[in-house]
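Summary of the model geometry
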Amino acid sequence: MNPLELVDLLRNHKNYIQTHNFPDPDAIASAFGLQYFLKQHGVPAQICYDGKVEKFSTRKMFDVFGIEILSADEISDMTATDYIVTVDSQKYNANLTDFVGNEVACIDHHPTYTECSYAYKDVRMVGSCSAIIASYFKETDTPISDRAAAALAYGIKMDTADFIRGVTELDIDMFAYIYKKADKDLVRIMYTNVMEFADLKAYGAAIDNIHVYDGVGFAAIPFDCPDALVAIISDFILSLDVVTVAVVYAVRLDGIKFSVRSERKDVDAGSLVKSALKDIGSGGGHKEMAGGFIVNTQAALFGEDMGYQIETRFMRQINK
Ligand SMILES: [Mn+2]
């Protein structure tokens, strides 16, 4: 698709760029980059999303790059004739709230689960949505600010886990293109001061409570802890040399939240958490990363030896 067709489509409309709910760095960078691209062609658009940005390091993007993003309660004036471009997500995805506006365009790098026709569709199987947006500047020779370039460079780096996860030639080429134009200090700043004090408390609790059996690392966080942080701790436990499967759980007021990681080909994290929590909770996800939940009323039935029971349930599934 020619990105200038998108510009023509949106011209003279009230436009929104919507990320998926609980947006990650690639989604935010893509939205910001696209907003800048459209602005360069005289088309204004506002960035919006539903949910929350839980991770401190992701929220930091708003300040560092100067990104304005509207939450669901700030877009109550949206109407059915307003246009929406979904980035890093597609209409009918479970993680994309269906706002009242008209989804006329979609730019994404995920597989399509539910077909939907858009006036403009650019879905490519590449490592980051930010790389697709960066290509718009290159293809059309549109000038980019050093801030927008820095955000896109950061988005590409984050979504490809520094060029090792799902990376394609486009990601590498676009990083080379965009990084030359980026304010490198801003990219660097994103990698410093990335933790809040509350994060440290969660790491501390996980370290105190870690148990490792046959390469399976279990860690319990005994207090209220947001989903995103449980996921970070799970990655952290997995980074231990002796751990190839990580099961981290936070005991919260509403129940027990699980985050599971696997590096083993024979252990599918999604099926593992699903089967381990069968009859007492729910879970699922990808082969490498998954999540699960047990509601508080059910969790209360564990009684005193909760940790032991959880570990037994997971180990039984892994050793099956
Ligand atoms: Mn992405």
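Now for a look at the structure at hand.

What counts, and where the lines are drawn
- Residues numbered from 1 in each chain as written.
- Predicted model: local features only at pLDDT ≥ 70, side-chain atom pairs only at ≥ 80, totals over all residues.
- Axes fitted to C-alpha atoms, helices over the stretch in contact; angles between N-to-C directions.
- Helix = DSSP H or I, 4+ residues; strand = E, 2+ residues; numbered from the N terminus.
- Parallel < 35°, antiparallel > 145°, perpendicular 65-115°, else oblique.
- Left-handed = near helix turned anticlockwise from the far one by under 90°.
- Contact = placed C-beta atoms within 7 Å.
- Nonpolar A, V, L, I, M, F, W, Y, C, P; charged D, E, K, R; others polar.
- Buried ≥ 20, exposed ≤ 12 C-beta atoms within 10 Å, placed from the backbone.
- Arc of directions from axis to C-beta.
- Pairing = 2+ DSSP bridges.
- Core = buried A, V, L, I, M, F, W, Y, C linked by C-beta atoms within 7 Å.

The next thing to look at is the packing of helix α4 (residues 129-140) against helix α6 (residues 169-179). The packing of two helices is summarised by the inter-axis angle and the distance between the axes. The geometry of α4 relative to α6 is characterised by a closest axis approach of 9 Å and an angle of 55° between their N-to-C directions. Overall, the two elements α4 and α6 adopt an arrangement that is oblique. Classified by chirality, the crossing of α6 by α4 is left-handed. Facing α4, whose interface residues are Ala 131, Ala 134, Ser 135 and Lys 138, α6 presents Leu 170, Asp 171, Met 174, Tyr 177 and Ile 178. Of the residues in the contact of α4 with α6, the class split is 6 nonpolar, 1 polar and 2 charged.

Helical periodicity: at 3.6 residues per turn, an α-helix aligns residues three or four positions apart in one direction. Residues of α6 that are buried include every one of Asp 171, Met 174, Phe 175 and Ile 178, and no others. For α6, the angular spread of the buried residues around the axis is 110°, confining them to a single face. Exposed residues pointing more than 90 degrees away from the buried face of α6 are listed as Glu 169 and Ala 176.

Turning our eyes to something else, we now look at the sheet that holds strand β10 (residues 255-262). Pairing in this open sheet of 6 strands is mixed, and the strands run β7-β8-β9-β10-β12-β11 from one edge to the other. Of all the strands in the sheet, the pair left with one neighbour each is β7 (211-213) and β11 (282-285). The sheet shows a mean angle of 15° between the axes of neighbouring strands, taken without regard to direction. Direction of pairing for strand β8 (residues 216-221) relative to strand β9 (residues 245-251): parallel, over a ladder of 6 bridges.

Looking now at unusual backbone geometry. Of note in the backbone geometry, Asn 12 takes a positive phi value of approximately 65° without being a glycine. Summarising the element assignment, Asn 12 is placed in the loop between α1 (3-10) and β1 (15-18). Judged by C-beta crowding, with 7 C-beta atoms within 10 Å, Asn 12 ranks as exposed. Phi is positive for Ala 161, which is not a glycine, with a value near 50°. Mapped onto the elements, Ala 161 comes out in the loop between α5 (146-159) and α6.

All right, on to the nonpolar core then. Phe 32, Leu 34, Ala 151, Leu 152 and Ala 153 are the most contacted members of the largest nonpolar core, which totals 50 residues. Excluding anything up to four places from it in sequence, Ala 153 contacts Phe 175, Ile 178, Tyr 179, Ala 182 and Val 187. Counting residues in each nonpolar core, the second largest holds 35 residues, with Ile 237, Ala 246, Ile 256 and Val 273 among its members.

So, to be careful, I would describe these as geometric facts and stop short of saying anything about function.
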